[in-house]
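Breakdown of the fold
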Amino acid sequence: MAGTPSTLRAMNDRAALDLLLEHGPLSRTRIGKLTGLSKPTASQLLARLEAAGLVLATGTTEGRPGPNAQLYEVNPAAGHAAGLDVTPERILAAVADITGRTVGSYELPTPGRRTATPVVQQVTDALDGAVKAAGLARADLHRLVIGTPGAFDPGTGRLRYASHLPGWHTPTLLDELAAALPMPVEYENDVNLVAVAEQRLGAARGHEDFVLLWNEGGLGAALVLGGRLHRGWTGGAGEVGFLPVPGTPLVRQVTKANSGGYQELAGSQAIPELARELGIEDIPEGPYAEVAAALVGQAAQSQEGPHQRLLETYATRLATGLASLVSVLDPELVVLSGASLTSGGEVLRALVQSELEELAAARPKLVVGAVPEHPVLRGALESALAATRDEVFDTSR
């Protein structure tokens, strides 16, 4: 079916805006070549987008042969979105402009505040801190995405698989947050958001079928099938910490225990104990996830004696659970993310790859995650920005 002129203009506008986001400032001639539009049509397009406040003229092509050409870029102030990364210890908030640049962030410590401060106030306090740092107001935000452990059941609206996040399980929480916030709010599992970040910015770019294995405060996975997150009927797809695996006793009533076989076998909390069993001395003090990452990093650098045995045992444990995942899903790629995995770098990745090839018929490529800084928060921003751009860049209205 042939498109109407207004529809075709809107499609060309969006194509040009996406190119400017991908490449940065471009000239009219370059936009014309990349889109296949004639120079007059490209000129009309840019004039239309500039009048709508979506692009800005910025600089010229100095230093090149021939006359200098005007460059254009997406107007960063055309829209803003926010993301929150929620853990039992803190809420990390950030605001990004339409280009994806973070313009304000804020961290709200939450230990000891769970019973004293309602969750709604914690969320608004964290968000307001980031908004203030960005020099904006709440009303300037187009969308907010909140990442939490577990997932909100689409049938009941209650948070599941995250009993360690007190205060977030009341049945009216989503309604209360909707009443308190003046923008659309979406909720997503934290590991799913890491997968979003890796797919758009990191090691999974260009891949539509992959598994992301996360090991930090908890052990979990995200499943991307056909380019889309697979969340499951209750939002619990990827909660592999509950997976029964060889090597540990069966954990019954896993939701009450908030753990399972794979978590007990290969989760971050198992690494310090494994190090002690192997005779590694000078185990640092601190939260178990930080200790685990430090031990794996030290072992990857040393690769001798008990450190090598730590890496080999840990790799076997990781591959034991991954074998079940890849046998069922047969993904193209597995991304290893979270500090207890990325700290092992290429050394750990190669060991897990070798073990997995012996335990499973499927042979996906394993890679180390490439979004090291606050990947949950980055995924929340990317998710919020995708919807914001669809709204702001729609010139057909």
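See above for the structure.
Heads up: these notes are all about the structure in this document. The model shown is predicted, which means the values in this text are computed figures rather than measured ones.

What follows covers the sheet that holds strand 15 (residues 365-368). Reading across from one edge, 13-12-11-14-15 is the order of the 5 strands in this open sheet, with mixed pairing throughout. Each edge of the open sheet is held by one strand with a lone partner, namely strand 13 (228-229) and strand 15. The sheet contact formed by strand 11 (residues 210-215) and strand 14 (residues 333-337) spans 5 bridges and is parallel. Residue pairing across strands places W214 opposite S337, the latter belonging to strand 14. Docked against the sheet, helix 13 (residues 345-359) engages strand 14 and strand 15, running at close to 160° with respect to strand 15.

All right, on to the packing of aromatic side chains then. Applying the stated criterion across every chain yields a total of 2 aromatic pairs. Seen from their ring centres, Y161 and F242 are 6.4 Å apart, and the 50° between their planes marks the pair as tilted. You can see Y161 sitting in the loop between strand 9 (159-160) and helix 5 (173-180) and its partner F242 sitting in the loop between strand 13 and helix 7 (254-257), a full 81 residues away along the chain.

Moving on: a negative patch on the surface. Together, E208, D209, D330 and E332 give the surface a local cluster of negative charge. The residue E332 is located in the loop between helix 11 (305-329) and strand 14 in this model. We classify E332 as partly exposed; its relative accessible area is 45%.

Attention now moves to the side chain of Q353. Position of Q353 relative to the elements: it lies in helix 13. When its relative accessible area of 13% is taken as the criterion, Q353 is described as buried. Apart from residues no more than four positions distant in its own chain, Q353 is found in contact with P364, K365 and L366.

On to the packing of helix 6 (residues 190-201) against helix 14 (residues 375-392), then. At a minimum axis separation of 7 Å, helix 6 and helix 14 run at an interaxial angle of 70°. Relative to helix 14, helix 6 is oriented roughly perpendicular. Here D190, L193, V194, V196, A197, R200 and L201 of helix 6 come into contact with helix 14, specifically with P375, V376, R378, G379, A380, E382, S383 and A386. Classifying every residue of the contact of helix 6 with helix 14 by side-chain character gives 9 nonpolar, 2 polar and 4 charged.

Positive phi, normally seen in glycine, also occurs at D330, with a value near 50°. Residues other than glycine seldom take positive phi values, yet H374 does so here, at roughly 45°.

Attention shifts here to the sheet that holds strand 6 (residues 102-109). With mixed pairing, 5 strands are arranged side by side in an open sheet as 6-5-4-7-10. Either end of the sheet is taken by a strand with one partner, and the two such strands are strand 6 and strand 10 (185-189). The mean angle between the axes of side-by-side strands here comes to 15°, regardless of whether they run parallel or antiparallel. Note that strand 5 (residues 90-97) and strand 6 share 7 bridges and pair antiparallel. In the strand pairing of strand 6, A96 is matched with T102. Contacts from helix 6 reach strand 7 (141-148) and strand 10, with the element oriented near 95° to strand 10.

Right, let's talk about helix 13 for a bit. Counted at 1.5 Å a residue, the expected span for helix 13 with its 15 residues is 21 Å, and the 21 Å between its end C-alpha atoms agrees. Regarding helix 13, the residues found buried are G345, L348, R349, V352, Q353 and L356. When helix 13 is viewed along its axis, its buried side chains cluster within an angular range of 140° and face the same direction. Considering only its buried residues, helix 13 is in contact with helix 10 (288-302), helix 11, strand 14, helix 12 (339-342) and strand 15.

A separate point is the environment of A15. The topology assignment puts A15 in helix 1 (residues 5-23). The exposure class assigned to A15 is partly exposed, which follows from its relative accessible area of 32%. Put simply, A15 and L46 are 31 residues apart on the chain and 12 Å apart in space, counted from C-alpha to C-alpha.

By secondary structure assignment, the location of D209 is in the loop between helix 6 and strand 11. A relative accessible area of 33% means that D209 is categorised as partly exposed. Remark: the alpha-carbon pair of D209 and A69, spanning 140 residues in sequence, is separated by 41 Å. With residues near it in sequence (within four places) discarded, D209 still touches V224, L225, G226, P331, E332 and L333. A polar contact of 3.2 Å, which involves the side chain of D209, links it to the backbone nitrogen of G226.

The rules behind these values
Residues numbered from 1 in each chain as written. Predicted model: local features only at pLDDT ≥ 70, side-chain atom pairs only at ≥ 80, totals over all residues. Heavy atoms only, no water. Pairing = 2+ DSSP bridges. Helix = DSSP H or I, 4+ residues; strand = E, 2+ residues; numbered from the N terminus. Contact = heavy atoms within 4.5 Å. Axes fitted to C-alpha atoms, helices over the stretch in contact; angles between N-to-C directions. Phe/Tyr/Trp six-rings, centres within 6.5 Å; stacked < 30°, edge-to-face > 60°. Patch = residues over 30% accessible without salt bridge, like charges linked within 9 Å, V, L, I, M, F, W, Y side chains within 5 Å. Areas by Shrake-Rupley, 256 points an atom, 1.4 Å probe, with all protein chains shown as cover. Salt bridge = Lys/Arg side-chain N within 4 Å of Asp/Glu carboxyl O. Lys, Arg positive; Asp, Glu negative; His and termini not counted. Charge placed at Lys NZ, Arg CZ, Asp CG, Glu CD. Buried < 20%, exposed > 50% of the residue type's maximum accessible area, 1.4 Å probe, protein only. Parallel < 35°, antiparallel > 145°, perpendicular 65-115°, else oblique. Nonpolar A, V, L, I, M, F, W, Y, C, P; charged D, E, K, R; others polar. Expected span 1.5 Å × (residues − 1). Arc of directions from axis to C-beta. Polar contact = N/O pair within 3.5 Å; in protein donor to acceptor, adjacent residues only side chain to side chain.

Take it as geometry only, folks, not as evidence of what the structure does.
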